[in-house]
Every structure is written in C-alpha cells, then in structure tokens.
Amino acid sequence: FVAKNFKKILPFLKKNNIVLYAAGVSNSKTKNKFALKKELKKIKQYKKYDNNRTIVYISTCSIKDSTRNKSLYVKNKIKIEKYIKKRFKKFIILRFPELVGKSKNPNTLINFFYNNIKNKKKFFILKNAKRNILDIEDAVNISKNILNDRKNLNKTINIFNKFYSTPLDIVRNIEKILNIEANYTLVKQKKSTWSLDYKIISKEVRKSKVTFSKKYLYNILKKYY
C-alpha cells in the first residue's frame, strides 16, 4: 500500500539515489515472530547491495505511544531503526501514523471500523485511545519535501496530522458518511497521552500545500469511503 503510493514519485527517488523500504508487516497486531524476523533479515540482505544509496525506512509514530509500543510489531520497528542507524551511512527514517487511502488490507484501523459498520457487526472501541490519521497522498507529498532537503539526512522524522482523533471520532464520522448506526461497545484502557512535535515538520507541510483542520478527518474519510 505504501510502496504503491510512493511509486508516484519514483523518478524523484531514482534521481536522488534513494531506495525506499516499505515491505514490512502489514498487520500491526501480528504475533507472528517469523514474519517480524523476516523484515529485519530483508534489511540485512539489502545492506550487501547498498552501493552508497540513501535508504528510506518506513516506520511508525506509535513508537511514541506507551499504550502500543510494547507490542511485538512496534518493538520490531524499534529494533530495525537501531540497526539502520548503526549499519547504514546514509538513511532517513520516516515514521507514519494511521494512513488512509485505497487499501484492501482489513487490518488497518479505518478499514476495520468501516467494514464492521457497513456490515452491521458488533465491535469494540478503546475509550481513552488517541490516534493520528493521515491521507497517504499527503504523506507522500510531505515526505518528498523532507527527502529533498539534505539537512534531513540521517534523521528520524515523524510525519503526521496536526490534529489527533479518538477511535470514537473516527467511528462517528464513518457513521455519518454511511448513514449507518454502528454497533459497538466502549472499552476502558489506560489513557493515551502521546504527542509529537509538530513544529519540526510544519515547514514541510506548508511547502507540500497540505492543510490540516478539524474537518480533515471527515474530508479524507469521505474521499476514500
């Protein structure tokens, strides 16, 4: 899903001698240790053919979320980030939040909610969770500006929406779009308090002509669903 969308800027990546690695595990809730180890193995295999190119690794903003960063998926991302920082001379690590776009992956948060609401199935919502939703097209455009600036070489950069949402916000917006009342149960969990420094990417966001507003969530959900 991510690689397919980044193909739109493939000429730019080739021109700047950039290799973008977006072949990770697609299910963030996986407990398949073999699949997770396979991702690091692929990175190590690629290192043999590095040829002094800049590797761009797609990671996750959930590393900063204490309610999610103990999962096997996030721990694996952290391990790979450390390996890249230690073994590669030229790299940029891009961390993304929940991405929205045309994707058939049933494991994404938005697709999970959408499919359950559309099919009128009962599901659970974490009451105190905090999520960040970003249009994949905006993620690519912002990333291009970041990759185009040599000052960002060998850095880890979070690319995200200025405004955060709760899972309940997302569900209510999908309800509005589908005109279907969702059948869910709210489940309490430890309050999620994670946040990211928006000032770091605000310049790149402006350059990309991306506008974040309180209507952003509804607009992108309407765009794809």
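Residues numbered from 1 in each chain as written. Predicted model: local features only at pLDDT ≥ 70, side-chain atom pairs only at ≥ 80, totals over all residues. Heavy atoms only, no water.

*Asks:* I keep staring at the overall build of the protein chain and nothing clicks. Help me out?
*Replies:* Looking only at helices and strands, one finds 9 helices and 8 strands in the protein chain. The C-alpha radius of gyration of the protein chain comes to 18 Å, within 12% of the 17 Å expected for a compact globule of 225 residues. Across its three principal axes, the protein chain shows a C-alpha extent of roughly 55 × 40 × 30 Å. The buried share of the protein chain, reckoned over its 225 residues, is 49%. Counting only carbon and sulfur atoms, one obtains 49% of the accessible surface of the protein chain, whose full area is about 13100 Å². When the 57 positive and 14 negative side-chain charges of the protein chain are each reduced to one mean point, those points stand 6 Å apart. (Helix = DSSP H or I, 4+ residues; strand = E, 2+ residues; numbered from the N terminus. Rg over C-alpha atoms; globule rule 2.2 N^0.38 Å. Buried < 20%, exposed > 50% of the residue type's maximum accessible area, 1.4 Å probe, protein only. Areas by Shrake-Rupley, 256 points an atom, 1.4 Å probe, with all protein chains shown as cover. Lys, Arg positive; Asp, Glu negative; His and termini not counted. Charge placed at Lys NZ, Arg CZ, Asp CG, Glu CD.)

*Asks:* Looking at this structure, I do not really get the pairing of strand 5 (residues 122–126). What am I missing?
*Replies:* Two faces belong to every sheet, and in a regular strand the side chains alternate between them. Going residue by residue along strand 5, you find Phe123 and Ile125 tucked away on one face and Lys122, Phe124 and Leu126 left uncovered on the opposite face. Pairing of strand 5 with strand 8 (residues 183–187), which is carried by 5 bridges, proceeds in the parallel orientation. Across the sheet, Lys122 pairs through a bridge with Asn183, a residue of strand 8. (Pairing = 2+ DSSP bridges.)

*Asks:* Please explain the pattern of salt bridges as it appears in this structure.
*Replies:* Close approach of charged atoms allows side chains of opposite charge to pair. Within the structure shown, the criterion is met by 9 salt bridges. The residue Glu137 makes a salt bridge to Lys223 at a minimum N-O spacing of 2.9 Å. Taken as a pair, Glu137 in helix 6 (residues 136–147) and Lys223 in helix 9 (residues 216–224) lie far apart in primary sequence, 86 residues in all. Note on Lys223: relative accessible area 42%, which makes it partly exposed. Put simply, Lys8, Asp135, Glu137 and Lys223 are held in one network by salt bridges that share partners. (Salt bridge = Lys/Arg side-chain N within 4 Å of Asp/Glu carboxyl O.)

*Asks:* What am I meant to see in helix 4 (residues 72–87) here?
*Replies:* For the α-helix, the turn length of 3.6 residues means that residues three or four positions removed from each other point alike. With 16 residues, helix 4 should cover 22 Å at 1.5 Å per step; its first-to-last C-alpha distance of 22 Å lies within 8% of that length. Residues Tyr73, Val74, Asn76, Lys77, Ile80, Glu81, Tyr83 and Ile84 constitute the buried set of helix 4. Those residues of helix 4 hidden inside the fold are in contact with helix 3 (33–47), strand 2 (54–60), strand 3 (91–96) and strand 7 (155–158). (Expected span 1.5 Å × (residues − 1). Contact = heavy atoms within 4.5 Å.)

*Asks:* Honestly, unusual backbone geometry in this entry has me stumped. Any pointers?
*Replies:* In most cases, non-glycine residues show a negative phi, while peptide bonds are predominantly trans. Phi is positive for Asn154, close to 65°, though the residue is something other than glycine. Locating Asn154 in the fold gives a position in the loop between helix 6 and strand 7. By relative accessible area, Asn154 is classed as partly exposed at 37%. Of note in this structure, Lys209 is not a glycine but carries a positive phi near 60°. When you line up the elements, Lys209 lands in the loop between helix 8 (199–207) and helix 9.

Honestly, that's just the spatial picture; any functional story needs more than this.
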